[in-house]
Number of protein chains: 2
Amino acid sequence: MNRFSLNQATIKKADLATALRVTAEAGIPAIGLWREPVQEVGLARAADLVRGSGLRVSSLCRGGFFTTPERPERRAALDDNRRALDEAEALGAPTLVLVVGGLPAGSTDLVGARSRVADALAELAPDATARGVQLSIEPLHPMYAADRAVVSTLGQALDLAAPFEPAAVGVVVDTFHVWWDPELAAQVARAGREGRIASYQVCDWVTPIAPDALLSRGIPGDGHIDFTAVTALLRDAGYTGDVECEVFRQEVWDADPAEVARRCAAAYREFVEPVL
Amino acid sequence: MNRFSLNQATIKKADLATALRVTAEAGIPAIGLWREPVQEVGLARAADLVRGSGLRVSSLCRGGFFTTPERPERRAALDDNRRALDEAEALGAPTLVLVVGGLPAGSTDLVGARSRVADALAELAPDATARGVQLSIEPLHPMYAADRAVVSTLGQALDLAAPFEPAAVGVVVDTFHVWWDPELAAQVARAGREGRIASYQVCDWVTPIAPDALLSRGIPGDGHIDFTAVTALLRDAGYTGDVECEVFRQEVWDADPAEVARRCAAAYREFVEPVL
């Protein structure tokens, strides 16, 4: 299980200390952190807790949300991303995951929103390099294009990353978001060739879509995704990094976090690890 | 309004006679029919009603659902598509819209399901040609990839159509399904060059996604889609056919169908017609 990581959002109700403990106790060597529970205890204390846990940090979630054109709001978003890079550095997270943001309120200008993502990356890339933290663009499922991320495919994320060094800007491959993509095999291979795969996240697509569409994910094996096929693409693309399990689902959040950590580890062992 | 068509699903609770009447009374010259309300009155009677209405039929919805590998089920699905082609011919519909189907129950084999779509098209294309009815592949939003359509992008639909004459197999461009696609401009231009655009359907993307994700659509202007930008792509691709308004939404279905027909016509005049 040396490449498995539990994303903290999967056990969202646990505070940082509990999340670190149940992850370690499940025999999982790494964790993907979120900014909110880190900020709850303060950055210095969080970094201490992480060091004490013996866990590696696979990523920090999340930066982004920089599609608005309005000047003060946009400055605030970029400054917040710089703080997130500071936090990632302090926590030892190699990458800051970016959810780029949707259409600004009342706007239908998708082309404009996307161009502002490119501009934001150009502003932030030097800051990322200075801190030794990689920005990683996460294409989100197209069902979130209006309200969360105007970056919807891996190919589009790679196009946005192209002007920058791979150490500064990479991409996240999250099965939930990209499994349906007819270009997936070609784009994962390209991401590998270009050295851009910052993180591989596993999470299943469950139907029917939950009434709150954000919570429609499942633990691998509970849904429609062929983890053997997708994981083989990552393996063949030369990816050797961590595999995070990130599940947003009410019944998972409501369960005992230690039990969830064990279930995720078991799913990883069954569906993902044999292919790596 | 000579290119506008009301898709019958937008006024789902109206029977065929009522649907034809309110469409004509709203000054709309064409209608997109569905098989179920046609079958409710019988094909011959439906064809009579259509002729009596003075309306053109822009399309018949829908065929498809042929991703299952099981032999008897698959034969039944293909035979049903042949009946749908018969119905389209009898109703004077130039095209039969295909929703190809999702993953078979319990299967995660997306590649296999997609290959069976190609096989089904090869079986049905001669039947379509014989009847002078075009099969039109509708890429559905990726949120429906598991349970309704393993064809998720316009590019993928065009790849599937490529082996066949454009008169036999075309594609549908439905704004709700494709608005988010970073490749949209390139693929609409390609669809025009290849003479494949069978239908342009307009329908808005409304957030939050409805608890029943199938009913998450809106009348143009109610959501996040830039109809000026997308319609310009169709115009520039040389599309000169009908523009159907197809909205699945509970509050639209619950409203007076005559009122809905007028609202759709008004939205077409405001957001679409000026660009054509």
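- Under an unreviewed UniProt entry, the name given to chain A is 3-dehydroshikimate dehydratase, and the organism recorded is Pseudolysinimonas kribbensis.

1. Things to note about the sheet that holds strand 10 (residues 243–245) of chain B
Residue and element names in this part refer to chain B.
Then step 1. The sheet built from eight strands closes into a barrel, its strands ordered 1-2-3-4-5-6-7-10 with parallel pairing. Strand-to-strand twist across the sheet, computed as the mean angle between neighbouring axes with direction ignored, equals 30°.
Then step 2. Bridge count for strand 1 (residues 4–7) against strand 2 (residues 30–34) is three bridges, and the pairing is parallel. Across the sheet, the residue bridging to Leu6 is Ile31, located in strand 2.
Then step 3. The sheet strands contacting helix 5 (residues 110–131) are strand 4 (95–99), strand 5 (134–137) and strand 6 (169–174), and the helix crosses strand 5 at an angle near 145°.

2. A word on unusual backbone geometry
All names here are of chain A.
Then step 1. Cis peptide bonds are those with omega within 30 degrees of zero, and the linkage from Cys61 to Arg62 qualifies with -5°.
Then step 2. Among the secondary structure elements, Arg62 is positioned in strand 3 (residues 56–64).
Then step 3. A positive phi angle, close to 55°, is found at Phe65, a residue other than glycine.
Then step 4. Tracing the chain through its elements places Phe65 in the loop between strand 3 and helix 4 (71–91).

3. A few points about the UniProt feature "domain: Xylose isomerase-like TIM barrel" (unreviewed entry) in chain A
Then step 1. Within this numbering scheme, the UniProt entry marks residues 21–261 of chain A as carrying the feature "domain: Xylose isomerase-like TIM barrel" (unreviewed entry).
Then step 2. Taken end to end, residues 21–261 of chain A comprises 44% helix and 17% strand; its first and last C-alpha atoms sit 10 Å apart.

4. Considering the interface of chain A and chain B
Then step 1. Facing the 26 residues of chain A at the interface are 26 residues of chain B.
Then step 2. When the two sides are added together, the surface that chain A and chain B hide from each other amounts to roughly 2,200 Å², 68% of it contributed by carbon and sulfur.
Then step 3. Of all residues in chain A, Thr108, Trp179 and Trp180 of chain A bury the most surface against chain B, accounting for 22% of the area lost on that side.
Then step 4. Run the count over chain A and chain B and you get zero salt bridges.
Then step 5. Remark: the boundary between chain A and chain B carries four residue pairs in polar contact (both at pLDDT 80 or more).

5. Considerations on the packing of aromatic side chains
The geometry of an aromatic ring pair is captured by two quantities: the separation of the ring centres and the angle between the planes.
All names here are of chain A.
Then step 1. By the definition in use, this model includes eleven aromatic pairs over all chains.
Then step 2. Between Phe176 and Trp205, the ring centres sit 4.9 Å apart and the planes meet at 35°, which makes this aromatic pair tilted. With Phe176 in helix 7 (residues 175–178) and Trp205 in strand 8 (residues 204–205), this residue pair connects regions lying 29 residues apart in the sequence.
Then step 3. Residue classification places Trp205 among the buried residues on the basis of a relative accessible area of 0%.
Then step 4. Positioned above the aromatic ring of Phe248, the side-chain terminus of Arg217 is 4.1 Å from the ring centre.

So, how was this worked out
- Residues numbered from 1 in each chain as written.
- Chains lettered and ligands numbered in written order.
- Predicted model: local features only at pLDDT ≥ 70, side-chain atom pairs only at ≥ 80, totals over all residues.
- Heavy atoms only, no water.
- Pairing = 2+ DSSP bridges.
- Helix = DSSP H or I, 4+ residues; strand = E, 2+ residues; numbered from the N terminus.
- Axes fitted to C-alpha atoms, helices over the stretch in contact; angles between N-to-C directions.
- Contact = heavy atoms within 4.5 Å.
- UniProt positions renumbered as here; feature names shortened; annotations may be inferred.
- Buried area = accessible area lost by both parts, 1.4 Å probe.
- Salt bridge = Lys/Arg side-chain N within 4 Å of Asp/Glu carboxyl O.
- Polar contact = N/O pair within 3.5 Å; in protein donor to acceptor, adjacent residues only side chain to side chain.
- Phe/Tyr/Trp six-rings, centres within 6.5 Å; stacked < 30°, edge-to-face > 60°.
- Buried < 20%, exposed > 50% of the residue type's maximum accessible area, 1.4 Å probe, protein only.
- Lys NZ or Arg CZ within 6 Å of the ring centre and 35° of its normal.

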